[in-house]
There are 2 protein chains.
Amino acid sequence: MNIFILLFNDFRKLDVFGEIPEFTLHYCSLTGGIIHSSHQVPVMTTMLPSVLPDSSVLFIPGGMGTRLLVNDKVFIRLLTQTIPQASYCLTVCTGSALIAKTGLLDGKKATSNKKAWSWVTSINSEVDWQHCARWCVEDGLYTSSGVSAGIDMALGFVADLYGKERAILIANLMEYVWNDDYDHDPFCKS
Amino acid sequence: MNIFILLFNDFRKLDVFGEIPEFTLHYCSLTGGIIHSSHQVPVMTTMLPSVLPDSSVLFIPGGMGTRLLVNDKVFIRLLTQTIPQASYCLTVCTGSALIAKTGLLDGKKATSNKKAWSWVTSINSEVDWQHCARWCVEDGLYTSSGVSAGIDMALGFVADLYGKERAILIANLMEYVWNDDYDHDPFCKS
């Protein structure tokens, strides 16, 4: 399965997809070229295809870069056109703000990082924001809270696609203690 | 302080240096160009300078790529010439095999990943290999066991350079439980 990872400067890395042999990763950006993560890693990207192949997954990271991008009309328009082409769209942390901005989450359950909660939810009040959730899924749109919740979500995505046994196997290979219950959010005070 | 991170294909990423504001990171390789991590991340590199600036740090990651590189005479010769130019040289995991191959660790304490122990130590029996150690330091050469031990070592390096308070501050910002005792190795059965 092809995963298109849409990068932007000052994105926060989430490397879990590289652990999953079923996925072929494509590191993309709006224009191609070198994109720097919030950890200063210069990642080489190709331009995001204007038309995604069938059965594609789009992954959008979070990070401080989202604060500027949410007001970047070219980027948000591209996202609005691209997300409906993907079979699934996944994001973590403040990446939810970018999808929320497109309007494609309106009326749908979604979550985000609690440390950026008031900012993210202020982007679009039409989203059915879930404060207590490790991750949310609705109509193929996956959103998660912090970076580590993103690992839980990615494994949940593997479970949805290939079955829970497969996800458990990958978690064990990573020596990762998978929180497999999207409703169990240890960082939620409710 | 300049940190030159010498990458090679199929290296295992260790992103902790990006968390440390005192460090300016330079992603390098033997020839420059795009290098792929074991997680398929395409990282853009520049050619490693033939002469390192004063007060430089050289960091060498581990990863499956070391298995081939240990027999790459051009790479090992470059390493042999470059390490003595650096004020400090740090490595994690199987990166120890590369430094061991240069002979610069002969008679010095060093460690490596326990899962690759027999291979790494077979590269050079003149090294004073320490099976039970989170990390080792001798003559400015830092070696550590697994990837997570590399985080402990990097924070230990910060403590050596800037004091323990500074290292604790960075660990707290990362929400990382720092094992600050290089002799305390929870994965050692002795």
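Values in this document were obtained by computation on a predicted structure and should not be read as measured data. (Residues numbered from 1 in each chain as written. Chains lettered and ligands numbered in written order. Predicted model: local features only at pLDDT ≥ 70, side-chain atom pairs only at ≥ 80, totals over all residues. Heavy atoms only, no water.)

Comments concerning the pattern of salt bridges
Oppositely charged side chains can pair when the atoms bearing their charge come close.
Point 1. In total, this model carries 18 salt bridges over all chains according to the counting rule given.
Point 2. If you follow the salt bridges from partner to partner, you end up with Lys13(A), Asp15(A), Lys13(B) and Asp15(B) in one network. (Salt bridge = Lys/Arg side-chain N within 4 Å of Asp/Glu carboxyl O.)

A few points about the state of the cysteines
Point 1. The full count for this structure, using the stated rule, is two disulfides over all chains.
Point 2. Between Cys132(A) and Cys188(A) runs a disulfide, and the two sulfur atoms are separated by 1.6 Å. Placement of the pair is Cys132(A) in the loop between strand E8 (128-129) and strand E9 (135-138) and Cys188(A) in the segment after helix H6 (164-173), with a sequence separation of 56 residues.
Point 3. When its relative accessible area of 29% is taken as the criterion, Cys132(A) is described as partly exposed.
Point 4. Among the residues examined, Cys188(A) registers a relative accessible area of 16% and is labelled buried.
Point 5. Cys89(B) takes part in no disulfide bond, and the closest cysteine sulfur, belonging to Cys28(B), lies 13 Å away.
Point 6. By relative accessible area, Cys89(B) is classed as buried at 1%.
Point 7. With no disulfide of its own, Cys93(B) lies closest to Cys136(B) among cysteine sulfurs, the gap being 14 Å.
Point 8. Classification of Cys93(B) by relative accessible area gives buried; the value is 11%. (Disulfide = S-S within 2.5 Å. Helix = DSSP H or I, 4+ residues; strand = E, 2+ residues; numbered from the N terminus. Buried < 20%, exposed > 50% of the residue type's maximum accessible area, 1.4 Å probe, protein only.)

So, the relation of the copies chain B and chain A
Point 1. Superposing chain B onto chain A takes a rotation of 180 degrees combined with a translation of 0.1 Å along the rotation axis, leaving an RMSD of 0.0 Å. On the angle and the small slide along the axis, the relation comes out as a two-fold axis. In terms of C-alpha distance to the rotation axis, chain B has Val43(B) as its closest residue, with the C-alpha 2.2 Å off the axis.
Point 2. A shared interface surface links the copies, since 100% of the contact residues of chain B are contact residues in chain A too. (Least-squares fit on C-alpha atoms with pLDDT ≥ 70 in both. Contact = heavy atoms within 4.5 Å.)

A word on the UniProt feature "domain: DJ-1/PfpI" (unreviewed entry) in chain A
Point 1. Here, the residues flagged by UniProt with the feature "domain: DJ-1/PfpI" (unreviewed entry) are residues 22-158 of chain A.
Point 2. Here residues 22-158 of chain A runs as 30% helix and 28% strand, with 9 Å between its end C-alpha atoms. (UniProt positions renumbered as here; feature names shortened; annotations may be inferred.)

Describing the environment of Ser145(B)
Residues and elements named next belong to chain B.
Point 1. Summarising the element assignment, Ser 145 is placed in the loop between strand E10 (141-144) and helix H5 (147-162).
Point 2. Distance from Ser 145 to Asn 113, taken between C-alpha atoms, is 4.1 Å for residues 32 residues apart in sequence.
Point 3. Once residues within four sequence positions are removed from consideration, Ser 145 is found in contact with Val 92, Cys 93, Thr 111, Ser 112, Asn 113, Lys 114, Ala 133 and Arg 134.
Point 4. Engagement of the side chain of Ser 145 in a polar contact is seen with the backbone oxygen of Arg 134, the distance being 3.2 Å. (Polar contact = N/O pair within 3.5 Å; in protein donor to acceptor, adjacent residues only side chain to side chain.)

Considerations on the interface of chain B and chain A
Point 1. With 17 residues of chain B in contact, the opposing surface of chain A contributes 18 residues.
Point 2. When the two sides are added together, the surface that chain B and chain A hide from each other amounts to roughly 1,600 Å², 47% of it contributed by carbon and sulfur.
Point 3. In terms of surface lost to chain A, no three residues of chain B exceed His39(B), Gln40(B) and Met44(B), which account for 31% of the buried area on that side.
Point 4. Linking chain B to chain A there are four salt bridges.
Point 5. Along the contact surface separating chain B from chain A lie six residue pairs in polar contact (both at pLDDT 80 or more).
Point 6. Of all the secondary-structure elements, those providing two or more residues to the side of chain B that touches chain A are strand E2 (24-29) and strand E4 (42-47) of chain B.
Point 7. The element that contributes the greatest number of residues to the side of chain B that touches chain A is E4(B), accounting for three residues.
Point 8. Among the residues making up the side of chain B that touches chain A, the classes are represented as eight nonpolar, three polar and six charged. (Buried area = accessible area lost by both parts, 1.4 Å probe. Nonpolar A, V, L, I, M, F, W, Y, C, P; charged D, E, K, R; others polar.)

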